[in-house]
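In case you want the letters, here they are:
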Amino acid sequence: MTITNEPSPGSPGLARAEACANIALAKYWGKSARGGNLTAVPSLSMTLDALRTRTEVSFSGSLGEDELSLNGVAASPQEAARVITLLDRVRTSAKISERARVTSLNNFPTAAGLASSASGFAALAVAASYAAGLRSSCGELSSLARQSSASAGRSVYGGFVELLAESDQASSVPSTRLNELVMLVLVTSAEKKPMGSTLGMNHTSETSPVYGTWLEQAPLLFGEAKAGLLTGDFNRLANAMEDSTRLMHATMMTARPPLIYLRPATIELMHEVSLRREQGYPEAYTMDAGPNVKLLTRASHLPNALAHYEAFLGVERVIVCRPGPGAARLSPEGELMDASRTQELS
Ligand code: PMV
């Protein structure tokens with residue numbers, strides 16, 4: 001079979017794509033009882049330009065099974081199962097049966113609460129769909145990615161993105177007055193998280209006595225965060241993002257047995273950011289299913305924040321992220337192919 005980067009519908013080939021990670025400003029934690037990997041609560045995120053995954057997918061009649069390499073190593077059985085589920089959905093839609101070779105590379109630590117599943121499954125959804133000859137809309141790509149990892153549905157879009165509760169697809173939150181927002185990833189640990197997020201969410205919803213409070217409060221905090229973003233009110237967004245973060249972690253921590261993702265360096269940074277916000281600095285923290293703190297600030301405050309946190313005890317590295325583009329296909333040389341779509345989405 002000839003491998004080409006321009007497969008026609010029904011003739012599978014090779015495609016490459018790139019997607020950025022995203023960090024939730026209003027968190028989701030918990031699946032809907034309706035199944036299908038729908039989320040129980042709405043979430044709002046910022047796509048991050050500096051954290052990227054590049055994925056290549058090639059379907060070939062000569063492969064006996066799917067071959068998957070993630071960051072230079074063969075995928076574990078759990079990782080492989082999730083990737084193959086997405087490939088099977090694509091094969092069903094494209095009516096093909098060829099197996100695929102998938103190669104995926106992140107430019108940041110995998111599975112340390114840095115949203116690698118978000119960029120990973122968004123890039124995979126785009127590359128696999130194109131390689132299979134499908135011409136999916138952004139909404140369809142978001143749905144495909146979301147079914148594997150709900151946060152990945154958000155990484156198909158650039159800039160600021162929402163995924164409503166029980167919604168199949170994420171959507172872009174149109175241009176805001178806080179476009180100069182910057183997210184600093186304060187890397188204190190690159191260790192892998194103890195439990196994957198789906199297992200962690202199910203365990204939390206089944207055992208935490210405060211999970212009901214989370215379900216009640218998360219939509220209100222989402223509304224507050226979105227209003228802060230749309231009206232250009234940094235403090236309103238900052239307060240809602242921190243409330244959402246602490247309530248999500250309180251729910252995780254009260255699961256039985258508890259899920260404690262935060263480490264001593266995380267707590268020190270929470271105190272430091274609170275203190276500096278009281279002093280008038282535009283800074284706010286958020287953490288996901290891992291110990292690393294992400295600091296939201298304004299571009300005008302970046303030099304000050306960068307100097308301060310690069311020197312902070314326990315911070316090994318700071319990654320500066322601005323609002324990033326939506327997922328896009330790459331040419332064989334790695335150039336972005338769909339610049340018009342990327343611009344439209346960011
Ligand atoms: O979509 P998942 O399964 O990767 O879970 C993401 C959960 C959090 O990152 C903790 C919160 C969020 O909304 O991104």
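Shown above is the structure to which this text applies.
Residues numbered from 1 in each chain as written. Predicted model: local features only at pLDDT ≥ 70, side-chain atom pairs only at ≥ 80, totals over all residues. Heavy atoms only, no water.

Visitor: Explain the overall build of the protein chain to me, please; I cannot follow it from the model alone.
Guide: A tally of helices and strands in the protein chain yields 10 helices and 12 strands. Restricting the contact set of the protein chain to residue pairs at least 6 apart, pairs at least 24 apart contribute 75%. When the accessible surface of the protein chain is split by element, carbon and sulfur atoms take 52% of a total near 13,900 Å². (Helix = DSSP H or I, 4+ residues; strand = E, 2+ residues; numbered from the N terminus. Contact = heavy atoms within 4.5 Å. Areas by Shrake-Rupley, 256 points an atom, 1.4 Å probe, with all protein chains shown as cover.)

Visitor: Looking at this structure, how should I read the pattern of salt bridges?
Guide: If charged atoms from side chains of opposite charge come close, those side chains can pair. Considering all chains together, one arrives at 18 salt bridges under this definition. A salt bridge links Arg101 to Glu67, with the shortest nitrogen-to-oxygen separation between them at 3.0 Å. Of this pair, Arg101 sits in strand β5 (residues 99-106) while Glu67 sits in strand β3 (residues 67-70), and the two are 34 residues apart along the sequence. A relative accessible area of 37% places Glu67 in the partly exposed class. Glu283 is the partner of Arg276 in a salt bridge, and the nearest nitrogen-oxygen pair spans 2.7 Å. Linked by salt bridges that have partners in common, Asp66, Asp88, Arg91 and Arg99 make up one network. (Salt bridge = Lys/Arg side-chain N within 4 Å of Asp/Glu carboxyl O. Buried < 20%, exposed > 50% of the residue type's maximum accessible area, 1.4 Å probe, protein only.)

Visitor: So what exactly am I meant to see when it comes to helix α3 (residues 138-148) here?
Guide: Because each turn of an α-helix spans 3.6 residues, side chains separated by three or four positions end up pointing in the same direction. With 9 of 11 residues buried, α3 lies mostly within the body of the structure. Listed in full, the buried residues belonging to α3 are Cys138, Gly139, Leu141, Ser142, Ser143, Leu144, Ala145, Arg146 and Ser148.

Visitor: Is there a simple way to explain the packing of helix α6 (residues 211-231) against helix α7 (residues 234-253) in this structure?
Guide: Relative placement of two packed helices is described by the angle separating their axes and the distance separating the axes. Packing of α6 against α7 leaves a shortest axis separation of 8 Å and a crossing angle of 160 degrees. In this view, α6 runs roughly antiparallel relative to α7, as classed from their interaxial angle. Note that α6 runs across α7; the crossing there is left-handed. Residues Tyr211, Trp214, Gln217, Leu221, Glu224, Ala225, Ala227, Gly228 and Leu229 of α6 touch α7, and the partners they reach there are Arg236, Leu237, Ala240, Asp243, Ser244, Leu247, Met248 and Thr251. Across the contact of α6 with α7, the residue classes break down as 10 nonpolar, 4 polar and 3 charged. (Axes fitted to C-alpha atoms, helices over the stretch in contact; angles between N-to-C directions. Parallel < 35°, antiparallel > 145°, perpendicular 65-115°, else oblique. Left-handed = near helix turned anticlockwise from the far one by under 90°. Nonpolar A, V, L, I, M, F, W, Y, C, P; charged D, E, K, R; others polar.)

Visitor: Looking at this model, I keep getting lost on the site of the ligand. Mind explaining?
Guide: Around the ligand, the structure places 14 residues, and the nearest of them are Tyr28, Ser117, Ser151, Arg154 and Ser197. Within the contact set of the ligand, an oxygen atom lies 2.8 Å away from a backbone nitrogen or oxygen of Ser151. Ser197 has a polar side-chain atom sitting 2.8 Å from an oxygen atom of the ligand. For the ligand, the protein covers 93% of the area, taking 380 Å² as the surface of the free molecule. Taken together, the elements giving at least two residues each to the shell around the ligand come down to α4 (150-155) and α5 (197-207). Along the lines of polarity and charge, the residues of the shell around the ligand split into 7 nonpolar, 4 polar and 3 charged. (Near = heavy atom within 4 Å. Polar contact = N/O pair within 3.5 Å; in protein donor to acceptor, adjacent residues only side chain to side chain.)

Visitor: It is not clear to me how the pairing of strand β9 (residues 283-286) should be interpreted in this structure. Could you clarify?
Guide: Successive residues of a regular strand alternate their side chains across the two faces of the sheet. Alternating residues of β9 divide into Glu283 and Tyr285 and Ala284 and Thr286, and every residue in both groups is buried. As paired elements, β9 and strand β10 (residues 293-298) share 4 bridges and run antiparallel to each other. Directly across from Glu283, in β10, lies its bridge partner Thr297. Hairpin connection of β9 to β10: 6 residues between the antiparallel strands. (Pairing = 2+ DSSP bridges.)

Visitor: Please clarify how the nonpolar core should be interpreted in this entry.
Guide: The tendency in soluble globular proteins is for nonpolar side chains to be buried side by side. The biggest cluster of nonpolar side chains holds 52 residues, and the ones touching the most others in it are Trp29, Val57, Phe59, Leu86, Leu87 and Val90. Take this core: its biggest share by element is 10 residues, from helix α2 (residues 116-131). Of all hydrophobic cores here, the second largest spans 28 residues; its members include Leu51, Met183, Val187 and Ala240. (Core = buried A, V, L, I, M, F, W, Y, C linked by side-chain atoms within 4.5 Å.)

Visitor: Help me understand the state of the cysteines in this model?
Guide: A covalent bond bridging the sulfur atoms of two cysteines is what the word disulfide describes. In total, this model carries 0 disulfides according to the counting rule given. Between Cys20, a free cysteine, and Cys321, which holds the nearest cysteine sulfur, the sulfur-to-sulfur gap is 8.9 Å. Judged by relative accessible area, which is 2%, Cys20 ranks as buried. (Disulfide = S-S within 2.5 Å.)

Visitor: Help me out: how do you make sense of the side chain of Arg146 in this one?
Guide: Along the polypeptide, Arg146 turns up in helix α3. Judged by relative accessible area, which is 3%, Arg146 ranks as buried.

Visitor: Would you mind going over the side chain of Thr251 with me for this structure?
Guide: Looking at the secondary structure, you find Thr251 in helix α7. Using a relative accessible area of 1% as the deciding quantity, one classes Thr251 as buried. Not counting residues within four places of it along the chain, the set of residues in contact with Thr251 comprises Thr204, Ser208, Val210, Tyr211 and Trp214.

Visitor: In this structure, what is going on with the packing of aromatic side chains? I would like to understand it.
Guide: Given two aromatic rings, their pairing is described by the distance between the two centres and the angle made by the two planes. Going through the model one piece at a time under the given rule, you end up with 2 aromatic pairs. Taking the centre distance of 6.4 Å and the plane angle of 80 degrees together, the rings of Trp29 and Tyr261 count as edge-to-face. Here Trp29 is found in the loop between β1 (14-26) and β2 (43-60), whereas its partner Tyr261 is found in the loop between α7 and α8 (264-278), with 232 residues between them in sequence. As far as the burial class goes, Trp29 and Tyr261 line up, both buried. Pairing Tyr309 with Phe312 gives two aromatic rings, centres 6.1 Å apart and planes at 45 degrees, and the pair type is tilted. (Phe/Tyr/Trp six-rings, centres within 6.5 Å; stacked < 30°, edge-to-face > 60°.)

Distances and angles like these do not, on their own, reveal function.
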